Amino acid sequence: MVEAPVIQADAPPAPPCALVIFGASGDLTKRLLMPSLYNLAHEGVLDANFTIIGVDRVEHDDASFREHLTDAVEEFGAKSHPLDREVWQWLISRIGYVTGDFDSPETYERLKTRLADRQGETGDANAVFYMAVTPRFFAPIAEHLGAADLLTEGENAFRRFVVEKPFGTDLASAKALNARLLAVADENQIYRMDHFLGKETVQNVMALRFGNGMFEPIWSRGYVDHVQITAAETVGVEQRGRFYDATGALRDMVPNHIFQLLAMVAMEPPNSFDADAVRTEKSKVIQAIRQMRLGEAATHVVRGQYRAGEVLGKPVADYREEPDVSPESHTETFIAMKCLIDNWRWNGVPFYIRTGKALATRRTEIAIHFKKAPGVLFRNDPDCELAPNVLVIHVQPDEGISLRFAAKVPGRKVRLSEVDMDFRYADYFQSAPSTGYETLIYDCLSGDPTLFQRADNIEAGWAAVDPILKAVEAGMVDVHGYAAGSSGPTMADVLLAQDGFQWLPLERDRPR
Ligand SMILES: NC(=O)C1=CN([C@@H]2O[C@H](COP(=O)(O)OP(=O)(O)OC[C@H]3O[C@@H](n4cnc5c(N)ncnc54)[C@H](OP(=O)(O)O)[C@@H]3O)[C@@H](O)[C@H]2O)C=CC1
Ligand SMILES: O=C1O[C@H](COP(=O)(O)O)[C@@H](O)[C@H](O)[C@H]1O
């Protein structure tokens with residue numbers, strides 16, 4: 001094996017372990033997992049006895065798999081910094097491969113032999129099994145691992161597995177999947193991935209709320225008017241038409257990513273950063289999202305589908321002409337909805353959500369709109385219209401936090417204007433190149449499940465979404481066309497207008 005290069009890390013190395021990747025020849029491994037592992041190696045936080053074992057039906061031996069990965073990493077770069085050959089050699093020398101079918105017990109016997117050989121060489125029996133596979137294999141692979149006795153933990157050896165998304169397609173299927181996984185492993189061995197939780201700004205919500213004295217006292221229905229959560233993408237469905245047309249924006253984004261953002265903003269302070277303390281608070285708030293009655297979905301939910309248009313100067317086809325999408329498709333590529341949270345803190349405060357593809361700009365943000373100040377002093381002055389204060393957490397791109405408030409325009413007459421106080425991560429901190437998976441992989445290797453979804457988090461998300469899925473199935477929520485490159489269907493504006501609000505514009509400058 002190649003010796004570890006000396007690189008500065010701000011965290012201790014994760015314990016030694018074999019990372020077994022099912023789906024090792026697939027897209028996720030190539031595009032995100034390997035670049036992330038490279039970045040972790042570059043940071044110096046992988047143990048000298050760290051090993052990767054790929055499992056896939058695509059024929060490879062160790063050498064040809066290493067070559068395949070080297071080509072892939074060259075192709076994608078190490079996600080924003082030039083490849084350091086020394087680090088890559090260090091990592092690649094720890095990679096092996098098992099060819100096999102996920103449905104065949106022999107695959108797991110070969111894997112077992114491989115893990116036993118590694119244990120003989122290194123004295124370490126830790127293993128993490130990463131399911132970078134299509135969801136129909138999540139439960140079967142876990143069951144095969146259980147049957148092959150690969151999930152039994154020793155006194156000094158952990159056995160964990162990571163499950164990718166999507167986790168179920170509704171509440172019933174998510175429960176069924178949880179039941180099958182929990183039949184072969186304990187909850188603390190299961191790491192359900194939600195890559196939004198790996199985003200630095202999402203994690204920063206807890207620092208903002210609980211590490212400062214000034215925000216939490218005003219973080220409730222007494223001061224907050226409403227909250228807007230946006231996850232706008234410029235990309236269309238690209239090559240994922242088959243998956244996306246059967247899924248839609250609601251299932252793809254809301255019960256997982258968007259509700260995780262909502263939970264970060266709306267949960268009660270946990271009594272520690274212990275994983276279960278945090279995840280219990282998240283579950284509580286997601287469970288408190290009011291479940292819509294069938295008829296309510298028509299007024300609280302807007303679905304959209306993109307039509308031909310132009311995004312960032314490039315033509316985009318009508319969604320129904322995208323590869324592997326039905327020409328009659330009614331699947332939504334955009335969804336906006338109003339959520340109410342039935343708890344003491346948030347009673348009566350609407351949380352508006354919108355997410356969609358082929359929109360004018362890429363922007364993920366959480367905007368807390370505060371109640372207006374009493375207008376007594378300025379009530380007769382047309383130059384002094386009071387606007388609400390808005391705190392925006394910019395999740396991506398250009399991560400940061402900004403606060404909008406009113407200031408006097410210089411001059412003899414009193415006039416008010418809105419100004420922004422703006423914190424940008426990039427101005428203060430140097431961040432390491434990242435795919436977004438590094439923190440999550442490191443945490444899983446280190447045994448910290450805080451940023452992974454517990455079974456009850458997932459089920460709570462689906463429970464809030466299920467009534468909407470039923471209303472859609474019953475044909476009660478139409479799908480409205482919107483031009484690619486726009487801000488979504490106009491009905492999304494109506495959704496807020498009927499409550500007297502407006503979305504923050506998707507296309508707006510953030511002054512420096
Ligand atoms: N790709 C991405 O950017 C992202 C993916 N994900 C999730 O990651 C997971 C994997 O996605 P992705 O990498 O795109 O999928 P891929 O289809 O690219 O990769 C899956 C791999 O598993 C192999 N495979 C399929 N069936 C078997 C079998 N019976 N036995 C052995 N090997 C088999 C496939 O081989 P073959 O090609 O021959 O079928 C392929 O190499 C999914 O859950 C997805 O939702 C999540 C976020 C982003
Ligand atoms: O999980 C998914 O997320 C991406 C958006 O993630 P981001 O990190 O690029 O913002 C989305 O495009 C995809 O449809 C969905 O499956």
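To be clear, the structure that these remarks concern was listed above.
Our subject in this report is the structure included herewith. (Residues numbered from 1 in each chain as written. Chains lettered and ligands numbered in written order. Predicted model: local features only at pLDDT ≥ 70, side-chain atom pairs only at ≥ 80, totals over all residues. Heavy atoms only, no water.)

On to the overall build of the protein chain. Each helix and strand counted, the protein chain has 15 helices and 17 strands in total. For the protein chain, the C-alpha radius of gyration of 24 Å lies close to 24 Å, the compact-globule estimate for 512 residues. Scored against the burial criterion, the 512 residues of the protein chain give a buried share of 54%. Across the protein chain, the fraction of contacts at a sequence separation of at least 24, relative to all contacts at a separation of at least 6, is 78%. Counting only carbon and sulfur atoms, one obtains 51% of the accessible surface of the protein chain, whose full area is about 22,700 Å². (Helix = DSSP H or I, 4+ residues; strand = E, 2+ residues; numbered from the N terminus. Rg over C-alpha atoms; globule rule 2.2 N^0.38 Å. Buried < 20%, exposed > 50% of the residue type's maximum accessible area, 1.4 Å probe, protein only. Contact = heavy atoms within 4.5 Å. Areas by Shrake-Rupley, 256 points an atom, 1.4 Å probe, with all protein chains shown as cover.)

Taken together, Asp61, Glu67, Asp71 and Glu75 make up a surface patch of like negative charges. Within the fold, Asp61 resides in the loop between strand 2 (51-56) and helix 2 (62-76). Its relative accessible area of 46% is what places Asp61 among the partly exposed residues. (Patch = residues over 30% accessible without salt bridge, like charges linked within 9 Å, V, L, I, M, F, W, Y side chains within 5 Å. Salt bridge = Lys/Arg side-chain N within 4 Å of Asp/Glu carboxyl O. Lys, Arg positive; Asp, Glu negative; His and termini not counted. Charge placed at Lys NZ, Arg CZ, Asp CG, Glu CD.)

Not every one of the 20 residues close to ligand 1 is listed here, only the nearest: Asp27, Leu28, Arg31, Arg57 and Lys165. Within the contact set of ligand 1, an oxygen atom lies 2.7 Å away from a backbone nitrogen or oxygen of Leu28. One nitrogen or oxygen atom from the main chain of Phe102 is found 2.9 Å from a nitrogen atom belonging to ligand 1. Among the elements that make up the shell around ligand 1, the one with the highest residue count is helix 1 (residues 27-43) (three residues). Looking at the shell around ligand 1 residue by residue, the class counts come to nine nonpolar, four polar and seven charged. (Near = heavy atom within 4 Å. Polar contact = N/O pair within 3.5 Å; in protein donor to acceptor, adjacent residues only side chain to side chain. Nonpolar A, V, L, I, M, F, W, Y, C, P; charged D, E, K, R; others polar.)

This brings us to the nonpolar core. Judged by nonpolar contacts, the single largest core of 155 residues is most densely connected at Phe22, Leu91 and Phe129. Among the elements that make up this core, the one with the highest residue count is helix 9 (residues 248-266) (twelve residues). Sequence-distant contacts of Phe22, that is, excluding residues within four places in its chain, are made with Val55, Phe102, Tyr108, Leu111, Phe129, Tyr130, Met131, Ala132, Val133, Ile141 and Leu145. (Core = buried A, V, L, I, M, F, W, Y, C linked by side-chain atoms within 4.5 Å.)

Close contacts around ligand 2 come from Lys165, His195, Phe196, Lys199, Glu233, Arg240, Asp252, His257, Lys357 and Gln396, and that covers them all. A distance of 2.8 Å separates an oxygen atom of ligand 2 from a polar side-chain atom of His195. The side chain of Asp252 places a nitrogen or oxygen atom 2.6 Å from an oxygen atom of ligand 2. Contact with the protein chains covers 80% of the free accessible surface of ligand 2, which is 390 Å². Of the residues assigned to the shell around ligand 2, the class counts are one nonpolar, three polar and six charged.

This paragraph deals with the sheet that holds strand 6 (residues 190-192). The strand order 3-2-1-4-5-6 describes an open sheet built from six strands, whose pairing is parallel. Across the chains shown, the open sheet's two edge strands, defined by having one partner strand only, are strand 3 (95-99) and strand 6. Each adjacent strand pair in this sheet contributes to an overall mean axis angle of 20°, direction not counted. Both strand 4 (residues 127-131) and strand 5 (residues 159-163) contribute to a ladder of five bridges, which runs parallel. Across the sheet, Met131 pairs through a bridge with Val163, a residue of strand 5. Its contacts with the sheet place helix 1 against strand 1 (18-22), strand 2, strand 3 and strand 4, and it is angled at close to 165° to strand 1. (Pairing = 2+ DSSP bridges. Axes fitted to C-alpha atoms, helices over the stretch in contact; angles between N-to-C directions.)

Before going further, it helps to examine helix 14 (residues 455-473). Along its 19 residues, helix 14 runs 26 Å from first to last C-alpha, staying within 8% of the 27 Å computed at 1.5 Å per residue. Approximately 35° is the largest bend angle found in helix 14, and it occurs at Val465, with the proline Pro467 only one to four residues beyond. Most of helix 14 sits inside the fold, with 14 of its 19 residues counted as buried. Looking one or two places after helix 14, you find Gly475, whose phi comes out positive at around 75°. (Expected span 1.5 Å × (residues − 1). Bend = angle between axes of the 7 residues up to and from the residue.)

With that out of the way, let us pick up the packing of aromatic side chains. Enumeration according to the criterion identifies 20 aromatic pairs in this entry. On the numbers, 4.9 Å between centres and 75° between planes, the contact of Tyr191 with Phe452 is edge-to-face. Of this pair, Tyr191 sits in strand 6 while Phe452 sits in the loop between helix 13 (438-446) and helix 14, placing them 261 residues apart in sequence. Note on Tyr191: relative accessible area 2%, which makes it buried. (Phe/Tyr/Trp six-rings, centres within 6.5 Å; stacked < 30°, edge-to-face > 60°.)

Turning next to the sheet that holds strand 8 (residues 301-307). Read across the open sheet, the nine strands follow the order 16-15-14-13-7-12-11-8-17; overall the sheet is mixed. The sheet terminates laterally at strand 16 (416-424) and strand 17 (479-483), the two strands that pair on one side only. The mean angle between the axes of side-by-side strands here comes to 20°, regardless of whether they run parallel or antiparallel. With four bridges joining them, strand 8 and strand 11 (residues 334-339) adopt antiparallel strand pairing. Counterpart to Val301 in the pairing with strand 11 is Met337. Across the face of the sheet, helix 7 (residues 200-210) comes into contact with strand 13 (363-370), strand 14 (390-396), strand 15 (400-408) and strand 16 while running at roughly 145° to strand 14.

Right, let's talk about the environment of Val98 for a bit. Note on placement: Val98 falls in strand 3. For Val98 and Arg31, which are 67 residues apart along the polypeptide, the C-alpha to C-alpha distance reads 20 Å. The residues touching Val98, leaving out its near neighbours within four places in the chain, are Ile53, Gly54, Val55, Asp56, Thr107, Arg110, Leu111 and Arg114.

Turning to the packing of helix 1 against helix 13, a few remarks are in order. Relative to each other, helix 1 and helix 13 sit at 70°, their axes nearing to 9 Å. By the angle class used here, helix 1 and helix 13 are roughly perpendicular. Here Leu33, Pro35, Ser36, Leu37, Asn39 and Leu40 of helix 1 come into contact with helix 13, specifically with Glu438, Ile441 and Tyr442. Classifying every residue of the contact of helix 1 with helix 13 by side-chain character gives six nonpolar, two polar and one charged. (Parallel < 35°, antiparallel > 145°, perpendicular 65-115°, else oblique.)

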